Amino acid sequence: MSIVVGKHSTQRTKDRVGISKKLADKNAQRAFECGITHSETRGSLKRYIDGLYLSHQQGNNIRIYHRYVYIFQRNRLITILPLPRKYYDLADKLQKSKEVDGHVDG
């Protein structure tokens, strides 16, 4: 599935992630494909994602990738939010186990 990155989300990628506008599309595609999904989270991280879902109701697909939360509406990136520091360890562990289990290409 091809990801659509609008003007707002391109700017958020530049501001928050520090990636140039030219790489915003590739970064969003990678986050969508390789990011941690809601079903892969647990505990307080899962509750945090639930809260984001309720506050960003147009976003129906939330992924965590490289310590940022990507909020998608179907295949369109809406915005990127920084993951709170207290979830870094759990998110890193989940990302690493996802890569080791072979769920991620590349």
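Preceding this paragraph is the structure being described.
Each value, and the rule that gives it
- Residues numbered from 1 in each chain as written.
- Predicted model: local features only at pLDDT ≥ 70, side-chain atom pairs only at ≥ 80, totals over all residues.
- Heavy atoms only, no water.
- Helix = DSSP H or I, 4+ residues; strand = E, 2+ residues; numbered from the N terminus.
- Rg over C-alpha atoms; globule rule 2.2 N^0.38 Å.
- Buried < 20%, exposed > 50% of the residue type's maximum accessible area, 1.4 Å probe, protein only.
- Contact = heavy atoms within 4.5 Å.
- Phe/Tyr/Trp six-rings, centres within 6.5 Å; stacked < 30°, edge-to-face > 60°.
- Core = buried A, V, L, I, M, F, W, Y, C linked by side-chain atoms within 4.5 Å.

## Remarks on the overall build of the chain
A count of helical and extended segments in the chain gives four helices and four strands. Taken from the N to the C terminus, the helices and strands of the chain come in the order β-α-α-α-β-β-β-α. Taking 13 Å as the expected radius of gyration for a compact globule of 106 residues, we find that the chain reaches 13 Å, a close match to that expectation. The C-alpha extent of the chain, read off along each of the three principal axes, is 35 × 35 × 25 Å. Within the chain, the fraction of its 106 residues that count as buried is 42%. Here the analysis covers contacts within the chain between residues at least 6 apart in sequence; of these, 57% occur between residues at least 24 apart.

## A look at the packing of aromatic side chains
Taken as a whole, this structure holds three aromatic pairs when the rule is applied. Seen from their ring centres, Tyr65 and Tyr70 are 6.4 Å apart, and the 65° between their planes marks the pair as edge-to-face. You can call Tyr65 buried: its relative accessible area is 8%. Relative accessible area serves as the criterion here: at 1%, Tyr70 is assigned to the buried category.

## What to know about the nonpolar core
With 15 residues, the main nonpolar core has Ile64, Val69 and Leu83 as its most contacted residues. Taken together, the elements giving at least two residues each to this core come down to helix 3 (43-55), strand 2 (61-65), strand 3 (68-73), strand 4 (76-82) and helix 4 (88-100). Formed by 13 residues, the second largest nonpolar core is a distinct cluster that contains Phe32, Cys34, Tyr68 and Ile80.

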